[in-house]
Amino acid sequence: MSDVPREFVFTRHPARQGLVWLAAAYAMFRAHRLAWVVLVLAYFLVLLMVRVVPVVGPYAMTVLKPVLAVGLLAAAWTQERGGTPALGQLLQGFRANLWSLISIGVFFVVGITVAVFASALVDGGKLVELMGGDGAMSEAELAAALADGRVQLGMAFSALLSLPIVLATWWAPALVVFQDARAGAALNASLRAALANWKPLALYGLGVFFYGGVVPGLVIAVIAMVLPSDAGRLFVIALLLPYSLFFAATLHVSDYVSYREVFHSGETLAPLSRGS
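Residues numbered from 1 in each chain as written. Predicted model: local features only at pLDDT ≥ 70, side-chain atom pairs only at ≥ 80, totals over all residues. Heavy atoms only, no water.

Residue placement: arginine 81 occurs in the loop between α3 (57-80) and α4 (98-118). With relative accessibility at 16%, the residue arginine 81 sits in the buried group. Engagement of the side chain of arginine 81 in a polar contact is seen with the backbone oxygen of tryptophan 77, the distance being 3.2 Å. (Helix = DSSP H or I, 4+ residues; strand = E, 2+ residues; numbered from the N terminus. Buried < 20%, exposed > 50% of the residue type's maximum accessible area, 1.4 Å probe, protein only. Polar contact = N/O pair within 3.5 Å; in protein donor to acceptor, adjacent residues only side chain to side chain.)

A cluster of nonpolar side chains, namely Val222, Met225, Val226, Leu227, Phe235 and Leu239, defines an oily patch on the protein surface of about 580 Å² accessible area. Counting residues per element, the nonpolar patch draws most heavily on helix α11 (residues 198-226), which supplies three residues. Structurally, the position occupied by leucine 227 is in the loop between α11 and α12 (229-263). (Patch = residues over 30% accessible without salt bridge, like charges linked within 9 Å, V, L, I, M, F, W, Y side chains within 5 Å. Areas by Shrake-Rupley, 256 points an atom, 1.4 Å probe, with all protein chains shown as cover. Salt bridge = Lys/Arg side-chain N within 4 Å of Asp/Glu carboxyl O.)

In this section: the packing of helix α1 (residues 17-31) against α11. When two helices pack together, you describe them by how their axes are tilted relative to each other and by the distance separating the axes. Two numbers describe how α1 lies on α11: the axes approach to 6 Å, and their chain directions differ by 50°. The orientation of α1 relative to α11 falls into the category oblique. Contacts from Gln17, Gly18, Leu19, Trp21 and Leu22 of α1 reach α11 at Pro200, Leu201, Leu203, Tyr204, Gly207 and Val208. Of the residues that constitute the contact of α1 with α11, the class distribution is eight nonpolar, three polar and no charged. (Axes fitted to C-alpha atoms, helices over the stretch in contact; angles between N-to-C directions. Parallel < 35°, antiparallel > 145°, perpendicular 65-115°, else oblique. Contact = heavy atoms within 4.5 Å. Nonpolar A, V, L, I, M, F, W, Y, C, P; charged D, E, K, R; others polar.)

Relative to the assigned elements, glycine 149 resides in helix α8 (residues 149-170). For glycine 149, a relative accessible area of 45% gives the class partly exposed. Remark: the alpha-carbon pair of glycine 149 and aspartate 123, spanning 26 residues in sequence, is separated by 8.7 Å.

As a further point, take the environment of alanine 193. If you trace the backbone, alanine 193 turns up in helix α10 (residues 183-196). Spatially, the C-alpha atom of alanine 193 lies 6.2 Å from that of phenylalanine 10, the residues being 183 residues apart in sequence.

What follows covers the pattern of salt bridges. Evaluation of the coordinates by the stated rule reveals two salt bridges. Linking arginine 81 and glutamate 80 is a salt bridge whose minimum nitrogen-to-oxygen distance equals 3.4 Å. With a shortest N-O distance of 3.2 Å, arginine 260 and glutamate 80 are connected by a salt bridge. Residue arginine 260 is located in helix α12, and its partner glutamate 80 is located in helix α3; the two are separated by 180 residues in the primary sequence. Residue class for arginine 260 comes out buried when judged on its relative accessible area of 12%. Each of Glu80, Arg81 and Arg260 takes part in salt bridges that share partners, so that together they form one network.

Next up on the list: unusual backbone geometry. The phi torsion at valine 55 lies on the positive side, around 70°, for a residue other than glycine. Relative to the elements of secondary structure, valine 55 occurs in the loop between α2 (33-51) and α3. Overall, the relative accessible area of 73% leaves valine 55 in the exposed class.

Look at α12: 49 Å from first C-alpha to last across 35 residues, which is about the 51 Å you get at 1.5 Å a residue. Along α12, the sharpest change in direction is near 25° and occurs at leucine 240; proline proline 242 comes one to four residues later. (Expected span 1.5 Å × (residues − 1). Bend = angle between axes of the 7 residues up to and from the residue.)

Counting all residues, the mean pLDDT for the protein is 87, and 91% of those residues have values of 70 or more. When pLDDT is averaged over each element of the protein, α1 comes out on top at 96 and helix α7 (residues 139-146) at the bottom at 70. In this model residues 1-5 is a low-confidence stretch, pLDDT under 50, and it forms seven contacts with partners more than four residues away in sequence or in other chains. (pLDDT = per-residue confidence, 0-100.)

This brings us to the packing of α1 against α2. Across the interface, α1 lies against α2 with an axial gap of 5 Å and an inter-helix angle of 100°. In terms of their interaxial angle, α1 and α2 are classed as roughly perpendicular. On α2, the residues touching Met28, Phe29, Arg30 and Ala31 of α1 are Arg33, Trp36 and Val37. Partitioned by chemical class, the residues of the contact of α1 with α2 number five nonpolar, no polar and two charged.

Right, here's the structure in full:
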């Protein structure tokens, strides 16, 4: 780590820490469940409002994600120091190094776009053609297209190229807001720290897949076996909607938890000052 700027020194953690991050994040969420649900709902509502803007909406939504994510990081920071997450913190990113945060969002959009278009190098442009369709494709046609070996190869290639983009932006917003980093320095430090902590991040990813994919899938399968289709569908919605909100909130809190442990391991927390 000698080539990492001094102010961005990070700690390597063992693989098991990935699950510790999730458990600690859930404990924080559970302590202020209602406040976190309100924050996360507001976060998604703002993104949805941006998303529906004609033409530029989808791109603007992705660019603004790091800005809004800072609000959730600030809420976790406050809670860890004895405060309570507040809805007003959601816009904290607009008051803290805004242009660096927007630059991170632009980097993500451009990087993922390049990764997707690069799939043409291995699949002859099939994936790009599929993603650029008019949306009139039926479910059967979509399934057949996704079963195409060349499309699958293009997807795998794009995912591989996207991985460093995701890792570079993983902790970059936190580095900008908590350590006053410029966008480039934050992206660089996040990528280095993520590569050094690939084992806990891999286990973290498996945990996310299990709780975000396997558990809901099993619940849906069990309900489908014991209840009629209409009643089962309503029961699934009633059960999985709050679960999804709780899970999404836990993931956002885990962004802060993992950042704290990687970049501030062992530091003593300063209590909130009066009026914070």
